[in-house]
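# Examining the three-dimensional arrangement
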Amino acid sequence: RRPHHRRVNLGANSRKIFTVICELREQERQGEANLYEGVADQFCVGMATEQGVPLVHIDDNGTFKYIFIKVMKDGGSFLIVRGYGWAEYHDDIYQEVSARLEADGFETECIGGGRIEHRAADKKLKVYGYSQAFGRGNHAKAVEMLKTNYPDYEMSWSNEGY
């Protein structure tokens, strides 16, 4: 006797995550991806989208400080990248962004930073350096996140420089 399977109607986000999981499982079998990290990344994107918080917001051009912020609410969390030329210190960005997020009921923690060189005319982004206040950000992860907003850009990262 066959077990009875109930058909489940998945929402758009659930279908997308399911598709990504299937793709990641295949990539993992071929040694090209880590399923856990890939699913975690997609979950973070979904949660940020549902909460109405952009994952990335940086200045349109120039060289400026950037920070990684861990955003938490209702037992879940996701990372965001923020970078602005107006900031003299990394903490200036954190104070501004965290105040807005905390007013909306989120908890925040700055987990690192550095600098971004954004050359819009050349479609290039470079992530490098560190924050004296918060330490070095995960630049590889920052580049990964920046690719969601700038998919046609050439990107690089380095732990060199300040």
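Residues numbered from 1 in each chain as written. Predicted model: local features only at pLDDT ≥ 70, side-chain atom pairs only at ≥ 80, totals over all residues. Heavy atoms only, no water.

### Concerning the packing of aromatic side chains
Applying the stated criterion to the full structure yields 5 aromatic pairs. Ring centres of tyrosine 66 and phenylalanine 68 lie 6.1 Å apart, and the angle between their planes is 70°; on these two criteria the pair is classed as edge-to-face. Residues tyrosine 66 and phenylalanine 68 agree in their burial class; the two are buried. Where tyrosine 150 meets tyrosine 153, the ring centres are 4.9 Å apart and the plane angle is 55°; that geometry is what we call tilted. A relative accessible area of 15% means that tyrosine 153 is categorised as buried. Just above the ring of tyrosine 128 sits the side chain of lysine 126; from NZ or CZ to the centre is 5.4 Å. (Phe/Tyr/Trp six-rings, centres within 6.5 Å; stacked < 30°, edge-to-face > 60°. Buried < 20%, exposed > 50% of the residue type's maximum accessible area, 1.4 Å probe, protein only. Lys NZ or Arg CZ within 6 Å of the ring centre and 35° of its normal.)

### Looking at the layout of surface pockets
In this model, the second largest pocket occupies a volume close to 180 Å³. Lining of the second largest pocket is provided by 12 residues; of these, Pro54, Arg82, Val97, Arg100 and Leu101 occupy positions nearest its centre. Looking at the lining of the second largest pocket, the elements that each hand over two or more residues are strand 3 (76–84) and helix 3 (90–103). Per-element tally for the lining of the second largest pocket: the top contributor is helix 3, with 3 residues. (1 Å grid on protein atoms, 1.4 Å probe; cavity = no way out; pocket = protein on both sides within 12 Å on 5 of 7 lines; lining within 4 Å. Points joined across faces, edges and corners; volume = space filled by probe spheres on them. Helix = DSSP H or I, 4+ residues; strand = E, 2+ residues; numbered from the N terminus.)

### What to know about the side chain of serine 158
Note on placement: serine 158 falls in the segment after strand 6 (154–157). Classification of serine 158 as buried rests on a relative accessible area of 18%. At 3.0 Å, the side chain of serine 158 and the backbone nitrogen of glutamate 160 are in polar contact. If we skip the residues at most four places from it in the chain, serine 158 touches Lys126, Val127, Tyr128, Gly129 and His139. (Polar contact = N/O pair within 3.5 Å; in protein donor to acceptor, adjacent residues only side chain to side chain. Contact = heavy atoms within 4.5 Å.)

### Here's the deal with the pattern of salt bridges
According to the stated counting rule, one finds 5 salt bridges in the structure shown. For the salt bridge of arginine 100 with glutamate 96, the shortest nitrogen-to-oxygen distance reads 2.7 Å. Separated by 4 residues within a single helix, arginine 100 and glutamate 96 lie in helix 3, roughly one turn from each other. With a relative accessible area of 37%, glutamate 96 lands in the partly exposed category. One connected set of salt bridges, linked through shared partners, spans Glu117, Arg119 and Asp122. (Salt bridge = Lys/Arg side-chain N within 4 Å of Asp/Glu carboxyl O.)

### Concerning the environment of asparagine 159
Mapped onto the secondary structure, asparagine 159 falls in the segment after strand 6. A sequence separation of 32 residues divides asparagine 159 from valine 127, and the C-alpha atoms of the two residues are 8.4 Å apart. Leave out the neighbours within four places in its chain, and asparagine 159 touches Gly129, Arg136 and His139.

Purely spatial values, then, with no claim about function.
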